[in-house]
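Structural overview
Listed below, chain by chain, are the residues.
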Amino acid sequence: AIEKNPDIFRRGLRDQWQHLIFQPLSNLAVPRQPQAFILVIDALDECDSKDDIQLMLRLLAEGKTLKTVRLQVFITYNP
C-alpha cells in the first residue's frame, strides 16, 4: 500500500484508513470463519481535533463490514 501511495502519510485520515487498513484487509482471501484481527490505537486523545477523533471512530466502525476478518479494536484514551 505504501509503495503504491508513497505520500499516503500526507493525506487525510479517510485515505489512510482506506489504503493502509481497510483495502488490504478486504483483499485477503475469505476464510470459512473469519479470524480475529486486533487493531490497537494508542493515545487517541492526542489527535489534533475532536473532529479527527470522531472521524477515526466512524472509520473504525466501517470495519464491521469486512468479510475477511473480524476486526477488533483496542483504543486507549486519556481524558
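Up top is the structure these notes are about.
Now for a look at the structure at hand. (Residues numbered from 1 in each chain as written. Predicted model: local features only at pLDDT ≥ 70, side-chain atom pairs only at ≥ 80, totals over all residues. Heavy atoms only, no water.)

**What to know about the side chain of Thr 68**
Heads up, the condition is: The secondary structure listing takes helices from DSSP runs of H or I that are at least 4 residues long and strands from runs of E that are at least 2 residues long, numbered from the N terminus. For every residue, the accessible area (1.4 Å probe, protein chains only) is compared with the maximum for its type, and the residue is labelled buried under 20%, exposed over 50%, or partly exposed between those bounds. N or O atoms closer than or at 3.5 Å make up a polar contact, with two conditions inside protein: a donor-capable atom paired with an acceptor-capable one, and, for residues adjacent in sequence, both atoms drawn from side chains. Two residues qualify as a contact provided that any one of their heavy atoms is within 4.5 Å of a heavy atom in the partner residue.
Mapping Thr 68 onto the fold places it in the loop between α2 (50-61) and β2 (69-75). Classification of Thr 68 by relative accessible area gives buried; the value is 5%. Within the local environment of Thr 68, its side chain forms a polar contact with the backbone oxygen of Leu 25, the two atoms lying 2.4 Å apart. The residues touching Thr 68, leaving out its near neighbours within four places in the chain, are Leu 25, Ser 26, Leu 28, Ala 29, Val 30, Pro 31, Pro 34 and Gln 35.

**Notes on a nonpolar patch on the surface**
Heads up, the rule is: Candidates for patches are residues over 30% relative accessible area with no salt bridge; among them, like charges are joined within 9 Å and nonpolar side chains (Val, Leu, Ile, Met, Phe, Trp, Tyr) within 5 Å. Using a 1.4 Å probe, accessible areas were evaluated by the Shrake-Rupley method; residue-level cover was limited to the displayed protein chains. Think of a salt bridge as a Lys or Arg side-chain nitrogen and an Asp or Glu carboxyl oxygen that are within 4 Å of each other.
Taken together, the side chains of Leu 57, Val 73, Ile 75 and Tyr 77 make up a nonpolar region of the molecular surface, amounting to roughly 330 Å² of accessible area. In this fold, Val 73 is placed in strand β2.

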